[in-house]
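Residue strings, one per chain:
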Amino acid sequence: MATLTVPAAVPPVAEDCEQLHKAFEGWGTNEKLIISILAHRDAAHRRAIRRAYAENYGKELLRALGDEIHGKFERAVILWTLDPAERDAVLASEEAKKWHPGGRALVEIACARTPAQLFAAKQAYHDRFKRSLEEDVAAHITGDFRKLLVPLVSAYRYDGPEVNTSLAHSEAKILHENIHKKAYSDEEIIRILTTRSKAQLLATFNSYKDQFDHPINKDLKADPKDEFLATLRAIIRCFICPDRYFEKVLRLSLGGMGTDEDDLTRVITTRAEVDLKVIKEAYQKRNSVPLERAVAKDTTRDYEDILLALLGAE
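Residues numbered from 1 in each chain as written. Predicted model: local features only at pLDDT ≥ 70, side-chain atom pairs only at ≥ 80, totals over all residues. Heavy atoms only, no water.

**Some thoughts on the overall build of the chain**
The helix and strand inventory of the chain stands at 20 helices and zero strands. Here the C-alpha atoms of the chain give a radius of gyration of 21 Å, agreeing with the 20 Å that 2.2 N^0.38 yields for 314 residues. Of all 314 residues assigned to the chain, the portion counted as buried reaches 49%. Counting only contacts in the chain whose residues sit at least 6 apart along the sequence, the fraction spanning at least 24 positions is 69%. Looking at charge distribution, the chain has the averaged site of its 47 positive side-chain charges lying 4 Å from that of its 50 negative ones. (Helix = DSSP H or I, 4+ residues; strand = E, 2+ residues; numbered from the N terminus. Rg over C-alpha atoms; globule rule 2.2 N^0.38 Å. Buried < 20%, exposed > 50% of the residue type's maximum accessible area, 1.4 Å probe, protein only. Contact = heavy atoms within 4.5 Å. Lys, Arg positive; Asp, Glu negative; His and termini not counted. Charge placed at Lys NZ, Arg CZ, Asp CG, Glu CD.)

**A short note on the packing of aromatic side chains**
For the coordinates displayed, the defined rule picks out eight aromatic pairs. Consider the rings of Tyr208 and Phe212, whose centres lie 5.1 Å apart with planes at 65 degrees: the pair is edge-to-face. With Tyr208 and Phe212 both in helix H13 (residues 198-212) and four residues apart, the pair spans about one turn of that helix. Take Tyr208: its relative accessible area is 0%, and that puts it in the buried class. (Phe/Tyr/Trp six-rings, centres within 6.5 Å; stacked < 30°, edge-to-face > 60°.)

**What to know about the environment of Glu135**
As for its position among the elements, Glu135 is in helix H9 (residues 133-140). For the pair Glu135 and Val150, spaced 15 residues apart in sequence, the C-alpha separation works out to 8.4 Å.

**Examining the packing of helix H19 (residues 291-298) against helix H20 (residues 301-310)**
Where H19 contacts H20, the axes come no closer than 9 Å and their chain directions differ by 170 degrees. Overall, the two elements H19 and H20 adopt an arrangement that is roughly antiparallel. In this structure, H19 contributes Glu292, Val295 and Ala296 to the contact, and H20 contributes Glu304, Leu307 and Leu308. Residues that form the contact of H19 with H20 fall into these classes: four nonpolar, no polar and two charged. (Axes fitted to C-alpha atoms, helices over the stretch in contact; angles between N-to-C directions. Parallel < 35°, antiparallel > 145°, perpendicular 65-115°, else oblique. Nonpolar A, V, L, I, M, F, W, Y, C, P; charged D, E, K, R; others polar.)

**Re the state of the cysteines**
Evaluated as defined, the whole model comprises zero disulfides. Cys111 takes part in no disulfide bond, and the closest cysteine sulfur, belonging to Cys238, lies 5.7 Å away. The exposure class of Cys111 is buried, given its relative accessible area of 5%. Not part of a disulfide, Cys241 finds its nearest cysteine sulfur in Cys238, a span of 8.8 Å. (Disulfide = S-S within 2.5 Å.)

**A short note on helix H1 (residues 13-24)**
Count 3.6 residues to each turn of an α-helix, and residues three or four apart come out pointing the same way. Here H1 contains 12 residues, and its C-alpha end-to-end distance of 17 Å stays within 8% of the 16 Å for a straight helix at 1.5 Å per residue. Inspection of H1 places Asp16, Cys17, Leu20, Ala23 and Phe24 among the buried residues, and these make up the whole buried set. For H1, the buried positions fall inside an angular range of 120 degrees around the axis, keeping them on one side. Buried residues along H1 sit against helix H2 (31-38), helix H3 (43-57) and helix H4 (61-68). Residue Gly26 follows H1 closely and has a positive phi angle near 85 degrees. (Expected span 1.5 Å × (residues − 1). Arc of directions from axis to C-beta.)

**As for the UniProt feature "binding site: Ca(2+) 3" (unreviewed entry) in the chain**
UniProt records the feature "binding site: Ca(2+) 3" (unreviewed entry) at Asp298, using the numbering of this structure. Along the chain, Asp298 turns up in helix H19. Every residue in contact with Asp298, bar those within four places of it in the chain, is listed here: Leu254, Gly255 and Thr259. Reaching out from Asp298, the side chain makes a polar contact with the side chain of Thr259 at a distance of 3.0 Å. (UniProt positions renumbered as here; feature names shortened; annotations may be inferred. Polar contact = N/O pair within 3.5 Å; in protein donor to acceptor, adjacent residues only side chain to side chain.)

**Regarding the packing of helix H6 (residues 84-97) against helix H8 (residues 115-129)**
The interhelical angle for the contact between H6 and H8, taken along N-to-C directions, is 70 degrees, at an axis separation of 8 Å. As far as their axial angle goes, H8 and H6 are roughly perpendicular. Counted together, Ala85, Glu86, Asp88, Ala89, Val90, Ala92 and Ser93 of H6 and Ala120, Ala121, Ala124, Tyr125, Arg128 and Phe129 of H8 form the full contact between these two elements.

**Thoughts on the nonpolar core**
Formed by 96 residues in total, the largest nonpolar core has its most connected members in Ile34, Leu65, Leu106, Leu149, Ile268, Val295 and Ile306. The element that contributes the greatest number of residues to this core is helix H15 (residues 227-240), accounting for eight residues. (Core = buried A, V, L, I, M, F, W, Y, C linked by side-chain atoms within 4.5 Å.)

**Points about the pattern of salt bridges**
Throughout the structure, instances matching the rule amount to 24 salt bridges. Residue Glu94 is joined to Arg75 by a salt bridge in which the shortest nitrogen-to-oxygen separation is 2.7 Å. Taken together, the residues span a long stretch of sequence, with Glu94 in helix H6 and Arg75 in helix H5 (residues 71-81) at a distance of 19 residues. By relative accessible area, Arg75 is classed as partly exposed at 26%. Put simply, Asp275 and Arg271 hold a salt bridge, and the shortest N to O gap is 2.9 Å. In terms of burial, Asp275 and Arg271 fall into one category: buried. Taken together, the shared-partner salt bridges connect Arg50, Glu60, Glu86 and Arg128 into one network. (Salt bridge = Lys/Arg side-chain N within 4 Å of Asp/Glu carboxyl O.)

Have a look at this one:
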């Protein structure tokens, strides 16, 4: 399901380091060489390259990259080169500190990752920022969003397939009663969404549809302009159909009045090793246009090249 393409015979790490060092030398940076290496190495290879580069040249690779490249291209390369857990920590920190109600990075990290991946991201957050993610979310986010997001990022959900069907039936009723009363931030809604396993939640959402003849997200569209309701819908979509969730983020980031490079870069760099192939298929089905073509239309130069490489374009 990943779009990342890695050579059948990956060059030795020392050779990759040497080539990257050459890309930084001379009068101009060789951006194409940087892309040809980093955009075609998996997380383990990139981790090894970073370690060897620092040992061989006495400088952290990310710092070397930051000295040579800039703007949208730099952000895409840096995010991609980071270890996945460290990348999530950086994205979470940025969103917590510059929180706005339409932010989605925290929801994605809490709901579209496995419990183990969320735990790893929080450990990376400790190591990098010397604080906890929960601490920063609580410090920078207020009101109902804080009430929802602190337990959401605090969770360590059970990750197995077991489901309690009677519990799913009763909690579907609890959700419906509170949504019907427009008590969207009720502690019971938040408890269910932030503690139950993915399998249990899917059973609950299915029971909701069976009992009340329509999906839960339909009831959460009572006020399309309400960002808290939009966040609840995003949480649910991340569990029910992550490919369609990410397709929508990409669709909204492209075209329109302008490209949202932050969303575009975040989705492609975080999903290229996971399920970007499935997201691409969802995008083409929904928009009748290949994602690569849409990205090429809305981006330019080295930024376009790194995104297309991660999308698996030839």
